[in-house]
Amino acid sequence: MVQTNNSQSARESFNISKLAIKFSWLTVCFWIGVAVAGVLAFSSLKYALFPDITFPVVVINAQAPLTSALETEEKLTKPLEESLKSLAGLEDIRSSTYPGQTAVVSSFVVGTNLETATNQISKIVNQLNLPKDTNKKIIPLNLNESAAVSYAIESSSGKIDNLRQLVKDKIVPAIAKLPGVLKVSLLGDGNNAAPPTATNGLPPAGTLVRFNGKEALAFQVIKKGDANTLEVVSRVEEEVQQLRSSLKDVTITLAATQAEYIRNATHSTIDALIEAIILSVVVIFPFLWNWQATLISALAIPTSLLGTFIVMAIYGFNLETITLLALALVIGSIVDDAIVDVENIMRHIDEGKTPYEAALIATNEIGLTVTAATLTAVAVFLPIGLMGGVIGQFFKPFGITVSAAMLTSMCVARTLSPVLAIYWLKAKPSSSPQKQGRIWLNFDQAYRNLLDWSLKHRLIVVGLAVGSLIAGIALIPLIPKGFIPKLDRGEFNIVYTAPLPSLPGDLAQGRTGGLGQPGGQAGQAGQQDKLGNLSLSAAALAASSSSISIPNPLNDSLDVAKKLEEVVRKSPAVATVFTTVGSREGEPNKGTLYVKLKAERELKTAEVQDQLRAALPKLTGVTTSVEDIQFVDTGGQKPLQIALQGNDLQALTTAAKAVKARIEKISGFADVTITGVSHQQDAILQIERLNNQRVVYIGANLSQNLTLGDATDKVVAEAKAVMPAGVSLNLGGDSARQNEVFGSFGTTLGLSALCIIVVLIWLFKSWVDPIVIGLSLPLAVVGALLALLFTKSDFGMISLIGFVFLLGITNKNAILIVDYINQLRDTGMEKTEAILQAGPVRLRPIMMTTAATILGMVPIALGLGAGSELRSPMAVSIAGGLVSSTILSLFVVPVFYAILDDWFPRKKVTGNR
């Protein structure tokens, strides 16, 4: 038999309301203080797009007088890689090897101190026995040091040379001195570079710039790693405005910035947050028909939010997509506790008790329920806030913010709400229309009749519950697997690579005797693309002591850019095109067209991208890639990337070409590229390595109709069909990150479920009730999956958060029912009668809390405003899951309670209850 231990002393231990009511003015003053501190905390929070995530990366650039890529790999790359393998916290090692040069990139787990890692690597490398005359450079990289804004500069005279000097003397110094600015890069100085010859040894270390089809200059502002993008951009905008007024003959035009989208996305989320608050409050009144009770419940929202802002400020969080989304999603939940408390107080007042008596009795009844519901929710979200790695850094603000909001709302409901109820609610029964009372009584009776039928037909109810769960699981293959939804940002990049000029004689064969320093921090983003053409051209040019004239690849690259521009600018959806010819890393044959779309347009960003992919000219030797703007610089990685690893370069190359040919025939794959091995006249000029093994990468962009999960499955299947023995396959890009996310969340969800059970057993002093409550959790699956299916949303990282959110809030209804059944049975009421009385009594608060939460989701689910693609899938899955779990739990939970009570009868406890 199962002993019940819901004694009066145990229940009173969760009734802090008694103290709050006793010292009512102290309670009110405390929450006024919290509100003031919350306002101050809110004013200190900064806006951002995503949480600040630190990727510790250290690059080793090494050059030696070696004659081939193979020799360089053997004598330079391998010893460096081998020496780094034992470093603590090392996540992976990538390297790019060229004749006489290598770049070894060490990526460390999140949380590793970058300075410490750099010092350790410097110490190890300095002790290595490397080839004579080897030059080494250790470069620590902070990927948060990113471009914040770029401006195009044009002159009415049209003379670029005169303008260039003016920019260097007047504009760049003025911007560089601003707080948060790391450096200002002048773009468009390529024509001022020395002509490339074998005597000077290097290609021109410059770039060319075009803005809307015209030659121009530009400056790019790189922010410091710890600087806020919006703050830096705002300072730059103010300074540019002053420069415009002083430099009359110069036109300074905004060319590219992340700030505009960040502002739009955060403001759209804030709008959804405000709308959620309004809808959550409005839905309360039709249930209570009492403005005072509605106001008391509604006050829980701003009070809880202000308390949450204090926690966010302490943790140093920003007001960004993840935290704002957490606040918007939790609006309906933080008002739930107050609704339950206030509704219970009103019920006792309607039964004839004074507000003071009603507050004491009602809060004592409901204390365990509210505490259990909140702590089980926190048991789900807190482990998310404690996750490690990159995923942990990304979702820590979400878990902590939701947990703080729910704990604060519980404290508000248990202290402030009953105090206000004593002073604001009247002793008379509500003066709401009799018609409304009759409607609710009829609804109440209908539910009681259905519940009575369910208790008499348990097998049918259990069958429906199991059937709905099976149906939900069966829906999983029908829902496309994604990662992060494609955003309609209204901006994207077109990246191109033009062929390098043919090199004469010995240069082309890579017979190099020495190597010049590469132009820029090669390997800056820690990936394979950054050094390829630069190192190839530098190695070849530095080799010769003759004065052979070598063609300028920057001019050839410019011709390619003009041809691409011509097509892009014809699109009616395009507003501006900002073209940079040559890369900051010194690769003259590469370039980027930043395309900004018109705000008022008929097509989505993805549709314009697909149109331009089809329209761009097919130029001999030129590769183009239409790419989304990256949240974090991943060094040119495409969303879909696979790595073929092995020791045989020929086998890797052959396999990669075969895979590329196969996936190019499949609809939805775009801009398929192979990187990793480069040949020229039968000489190997580039070798990529990943974790001490040779590798070739195959990357692709995806059209709007192909999700990442489906694309990954197709590529893996095609690769396995042609992979020879000795070649293995690994996922990279978003494909790898997708697996990491699902793996991390799988473990976390398991831990969260265990935490829920432990908390419930501790609170209810029984293992049967937690099982009954836990059985309500799967009931949300079918509704969530159906909602995703009907709205054609992907099952990805964002919707996964919705499922986690459901896990935290769906047990609240079950707790409300089970706890009140136990209370009635502790008074001596028979089981079936207790169930039939508890269900209707708890029906109104369940309907109110569910309606408040679902309506709070509506503004987010509608998918309006910038960044709505990130918010919508989460809200859709939560709303769908709440509908199914509420409907089913109103009948399934009481039936399961009755079944388990028959199997494990409760032992009646006498004495003080």
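Residues numbered from 1 in each chain as written. Predicted model: local features only at pLDDT ≥ 70, side-chain atom pairs only at ≥ 80, totals over all residues. Heavy atoms only, no water.

Considering the overall build of the protein
Next, step 1: Assigned secondary structure in the protein consists of 28 helices and 21 strands.
Next, step 2: The 913 residues of the protein split such that 58% are buried.
Next, step 3: Contacts in the protein between residues far apart in sequence, at least 24 positions, make up 82% of those at least 6 positions apart.
Next, step 4: Carbon and sulfur atoms form 58% of the exposed surface of the protein, whose accessible area is close to 36,300 Å². (Helix = DSSP H or I, 4+ residues; strand = E, 2+ residues; numbered from the N terminus. Buried < 20%, exposed > 50% of the residue type's maximum accessible area, 1.4 Å probe, protein only. Contact = heavy atoms within 4.5 Å. Areas by Shrake-Rupley, 256 points an atom, 1.4 Å probe, with all protein chains shown as cover.)

Considerations on the packing of helix α15 (residues 458-475) against helix α24 (residues 779-790)
Next, step 1: Look at α15 against α24: their axes get within 8 Å of each other, and the N-to-C directions meet at 40°. In this structure, α15 meets α24 at a crossing whose hand is left-handed. Facing α15, whose interface residues are A465, S468, L469, G472, I473 and L475, α24 presents L779, V781, V782, L785, L786 and L789.
Next, step 2: Here the contact of α15 with α24 is built from residues that sort into 10 nonpolar, 2 polar and no charged. (Axes fitted to C-alpha atoms, helices over the stretch in contact; angles between N-to-C directions. Left-handed = near helix turned anticlockwise from the far one by under 90°. Nonpolar A, V, L, I, M, F, W, Y, C, P; charged D, E, K, R; others polar.)

Some points on the confidence of the model for the protein
Next, step 1: When pLDDT is averaged across the protein, the result is 80; 87% of the residues are at 70 or more.
Next, step 2: In the model, residues 505-548 has pLDDT below 50 throughout and makes 128 contacts with residues more than four positions away in sequence or in other chains. (pLDDT = per-residue confidence, 0-100.)

Considering the environment of I366
Next, step 1: Topologically, I366 is positioned in helix α12 (residues 355-385).
Next, step 2: Residue class for I366 comes out buried when judged on its relative accessible area of 0%.
Next, step 3: The spacing of I366 and N344 is 22 residues in sequence and 7.7 Å in space, taken between C-alpha atoms.
Next, step 4: Those residues in contact with I366, other than ones at most four positions away along the chain, are V340, D341, N344, R414, L816 and R842.

Things to note about helix α5 (residues 114-126)
Next, step 1: Relative to the 18 Å expected for 13 residues at 1.5 Å per residue, α5 spans 18 Å between its end C-alpha atoms, a close match to the ideal helical length.
Next, step 2: The complete set of buried residues in α5 reads A117, T118, I121, S122 and V125. Within α5, the buried residues cover an arc of 135° as seen down the axis, which keeps them to one side. In α5, the exposed residues that point more than 90 degrees away from the buried face are E115 and K123.
Next, step 3: Looking at the buried side of α5, the elements it contacts are β2 (56-63), α4 (69-84), β4 (101-108) and β5 (135-142).
Next, step 4: With a side-chain oxygen lying 3.1 Å from the backbone nitrogen of E115, the N-terminal cap of α5 falls on N113. (Expected span 1.5 Å × (residues − 1). Arc of directions from axis to C-beta. Polar contact = N/O pair within 3.5 Å; in protein donor to acceptor, adjacent residues only side chain to side chain.)

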